[in-house]
Amino acid sequence: MPEIKVDIGERIKDLRQAAELTQEELAERAELSKGFISQVERGLTNLSIENLVAILSALDVSLPEFFATPVQERVVYGQEDVTEVEREGVTLFELLVPGAANRSMEPAMLVLAPGEAVEAIKPYSGDEFGYLLEGRLKIHHGGAAYLLNAGEWFFYSAKHKHYFENPGHTNARLLWITSPPNF
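Since we're looking at a predicted model, the values are computed, not measured.

Chemist: Would you mind showing me how to read the sheet that holds strand S8 (residues 162-165) here?
Modeler: Backbone-to-backbone hydrogen bonds join strands into a sheet, with any given pair of strands oriented parallel or antiparallel. Spatial strand order, S6-S5-S8: three strands in an open sheet with antiparallel pairing. At either margin of the open sheet sits one strand with a lone partner, and together these are strand S6 (144-149) and S8. Averaged over all neighbouring strand pairs, the angle between strand axes comes to 20°, with direction disregarded. With six bridges joining them, strand S5 (residues 136-141) and S6 adopt antiparallel strand pairing. Bridge pairing links arginine 136 to asparagine 149 in S6.

Chemist: Looking at this structure, how should I read the pairing of strand S3 (residues 106-112)?
Modeler: The side chains of a regular strand alternate, residue by residue, between the two faces of the sheet. With six of seven residues buried, S3 is to be regarded as a mostly interior element. Bridging between S3 and strand S9 (residues 172-179) involves seven bridges; their strand directions are antiparallel. When the sheet's bridge partners are listed, valine 111 is paired in S9 with arginine 173.

Chemist: Please clarify how the packing of aromatic side chains should be interpreted in this entry.
Modeler: The description of an aromatic ring pair uses the distance of the two centres, along with the angle that the planes make with each other. Counting across every chain of the model gives six aromatic pairs. Ring centres 4.9 Å apart and planes at 90° place the aromatic pair phenylalanine 66 and phenylalanine 67 in the edge-to-face group. Phenylalanine 66 sits in the buried class, given a relative accessible area of 1%. Geometrically, the ring pair formed by tyrosine 131 and tryptophan 153 is stacked, given 5.7 Å between the ring centres and 15° between the ring planes. In this pair, tyrosine 131 sits in strand S4 (residues 127-134) while tryptophan 153 sits in strand S7 (residues 153-157), placing the two residues 22 residues apart along the sequence. Residue tyrosine 131 is classed as partly exposed on the basis of its relative accessible area of 29%. Since its relative accessible area comes to 55%, tryptophan 153 is described here as exposed. Three or more aromatic residues joined by ring pairs form one cluster here, namely Phe93, Phe154, Tyr156, Phe164 and Trp176.

Chemist: Could you clarify how one ought to interpret the layout of surface pockets in this entry?
Modeler: To find the voids left in a structure, one rolls a probe of water-molecule size over its atoms. Size it by volume and the largest pocket reaches roughly 380 Å³. If you trace the largest pocket, you find 18 residues lining it, with Arg87, Leu92, Phe93, Glu119 and Ile121 closest to the centre. Within the residue set of the lining of the largest pocket, elements represented by two or more residues are strand S1 (83-87), strand S2 (90-95), S3 and S9. Considering only residue class, the lining of the largest pocket consists of twelve nonpolar, three polar and three charged.

Chemist: Sorry, what's going on with the side chain of glutamate 106 here?
Modeler: Looking at the secondary structure, you find glutamate 106 in strand S3. Salt bridges are absent for the buried glutamate 106, whose nearest opposite-charge side chain, arginine 103, sits at 11 Å. Apart from the residues within four sequence positions on either side, glutamate 106 is in contact with Leu95, Ala100, Ala101, Trp176, Ile177, Thr178, Pro181, Asn182 and Phe183.

Chemist: Which parts of the structure should I look at to understand the packing of helix H2 (residues 23-30) against helix H3 (residues 34-41)?
Modeler: Helices that pack against each other are described as a pair by the angle of their axes relative to one another and the distance between those axes. Two elements in contact, H2 and H3, have axes separated by 8 Å at closest approach and are oriented at 110°. One finds that H2 runs roughly perpendicular with respect to H3. Of the two possible hands of crossing, H2 and H3 adopt the one that is right-handed. For the pair formed by H2 and H3, the contact residues are Gln23, Glu24, Leu26 and Ala27 on the first element and Lys34, Ile37, Ser38 and Glu41 on the second.

Criteria and cut-off values
Residues numbered from 1 in each chain as written. Predicted model: local features only at pLDDT ≥ 70, side-chain atom pairs only at ≥ 80, totals over all residues. Heavy atoms only, no water. Pairing = 2+ DSSP bridges. Helix = DSSP H or I, 4+ residues; strand = E, 2+ residues; numbered from the N terminus. Axes fitted to C-alpha atoms, helices over the stretch in contact; angles between N-to-C directions. Buried < 20%, exposed > 50% of the residue type's maximum accessible area, 1.4 Å probe, protein only. Phe/Tyr/Trp six-rings, centres within 6.5 Å; stacked < 30°, edge-to-face > 60°. 1 Å grid on protein atoms, 1.4 Å probe; cavity = no way out; pocket = protein on both sides within 12 Å on 5 of 7 lines; lining within 4 Å. Points joined across faces, edges and corners; volume = space filled by probe spheres on them. Nonpolar A, V, L, I, M, F, W, Y, C, P; charged D, E, K, R; others polar. Lys, Arg positive; Asp, Glu negative; His and termini not counted. Salt bridge = Lys/Arg side-chain N within 4 Å of Asp/Glu carboxyl O. Contact = heavy atoms within 4.5 Å. Parallel < 35°, antiparallel > 145°, perpendicular 65-115°, else oblique. Left-handed = near helix turned anticlockwise from the far one by under 90°.

Functional significance is not addressed by these values, which are geometric in nature.
Below you can see the structure in the form of structure tokens.
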């Protein structure tokens with residue numbers, strides 16, 4: 001079995017920064033000194049189990065969580081990861097990142113044939129961004145309509161009813177991102 005080494009000071013620093021705490025704030029919560037936290041993070045002092053537990057408690061992390069082998073975050077995706085969203089046998093759009101519905105944003109690829117439109121999307125609390133890769137796209141947002149050409153993009157609050165249609169003579173291909181996920 002391979003040996004797994006954990007740099008305790010570096011791991012504590014990462015957790016502290018993820019919690020958006022200063023060394024001083026962590027020290028106060030753990031009832032330790034700022035200098036001690038600094039030395040721990042730089043690997044300049046030994047750490048007792050008691051002090052480790054105090055620090056982790058202040059960070060709301062358990063000992064098993066702290067020492068668990070971190071899961072490597074996936075960064076690169078390909079065509080094999082695409083999930084087609086269909087209705088009545090027709091592909092509406094493609095979800096590009098598996099599990100993105102549980103994240104803070106969700107990217108999708110939308111392809112509309114000439115004259116095709118998507119159903120109106122009900123207002124929700126969030127934002128949408130789209131980059132038109134090919135063709136033309138007409139965006140209906142609130143009471144207004146906007147025409148997009150390939151190489152242009154949009155960004156708006158999704159608090160208004162909205163939908164897209166392809167007024168062109170070729171397919172329109174849109175990279176579409178919602179935050180939070182709304183597909």
